[in-house]
Amino acid sequence: MATQDEKIRTACFQAFETFQKIGDPKNDEIQSKLEFVVGSYDYDKNPIGLYEIGKLALPKLTKIKEKNSKLVTKKLLTDLEKALKA
């Protein structure tokens, strides 16, 4: 079973991939931050950055989903919300 840290890492990586697929330059900053914190966590196993950036990514992804429900999966939003609440 995945640990809480692994769950937030997975959710942040999925968020990164989603922003990458969307390809909107407005999301470049959050996308690069997600990529950085996932890499940082993989290196030092300190999840604090994942939580910080995950909290920034969630409202952006929610807003994108409201405008176009096909771009962001409900599962991604749910996984990210659950990981952030723990």
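Below: a short report on this structure.

The rules behind each value
Residues numbered from 1 in each chain as written. Predicted model: local features only at pLDDT ≥ 70, side-chain atom pairs only at ≥ 80, totals over all residues. Heavy atoms only, no water. Helix = DSSP H or I, 4+ residues; strand = E, 2+ residues; numbered from the N terminus. Contact = heavy atoms within 4.5 Å. Salt bridge = Lys/Arg side-chain N within 4 Å of Asp/Glu carboxyl O. Buried < 20%, exposed > 50% of the residue type's maximum accessible area, 1.4 Å probe, protein only. Phe/Tyr/Trp six-rings, centres within 6.5 Å; stacked < 30°, edge-to-face > 60°. Lys NZ or Arg CZ within 6 Å of the ring centre and 35° of its normal. Expected span 1.5 Å × (residues − 1).

Topic: the environment of Leu50
- Among the structural elements, Leu50 can be located in helix α3 (residues 48–67).
- Remark: the alpha-carbon pair of Leu50 and Leu76, spanning 26 residues in sequence, is separated by 15 Å.
- In contact with Leu50, not counting residues within four places along its chain, are Asp5, Ile8, Arg9, Cys12, Val37, Val38 and Tyr41.

Some thoughts on the pattern of salt bridges
- Using the criterion set out here, one finds four salt bridges in the structure.
- Among the salt bridges present, the one from Arg9 reaches Asp42, with a minimum N-O distance of 2.9 Å. Of this pair, Arg9 sits in helix α1 (residues 4–22) while Asp42 is found in helix α2 (residues 28–44), placing the two residues 33 residues apart along the sequence.
- The exposure class of Asp42 is partly exposed, given its relative accessible area of 35%.
- Residues Lys75 and Asp79 are paired through a salt bridge, measuring 2.6 Å at the closest nitrogen-oxygen approach. With Lys75 and Asp79 both in helix α4 (residues 74–85) and four residues apart, the pair spans about one turn of that helix.
- Residue class for Lys75 comes out exposed when judged on its relative accessible area of 55%.
- Judged by relative accessible area, Asp79 falls into the partly exposed class, the value being 23%.

Some points on the packing of aromatic side chains
- Summed over the entire model, instances satisfying the criterion amount to one aromatic pair.
- Measuring from centroid to centroid gives 5.9 Å for Phe13 and Phe16, while their planes differ by 35°, and the two rings are tilted. One end of the pair is Phe13 and the other is Phe16, both in helix α1 and three residues apart, which spans about a single turn.
- The residue whose ring lies beneath Arg9 is Phe13, and the NZ or CZ to ring-centre distance is 5.3 Å.

A look at unusual backbone geometry
- Notably, Lys45 is not glycine yet its phi reads approximately 60°, a positive angle.
- Here Lys45 shows up in the loop between α2 and α3.

Digging into α2
- Along its 17 residues, α2 runs 24 Å from first to last C-alpha, staying within 8% of the 24 Å computed at 1.5 Å per residue.
- Residues of α2 that are buried sit in contact with α1 and α3.
- Among the residues trailing α2, Lys45 stands out with phi positive, at a value near 60°.

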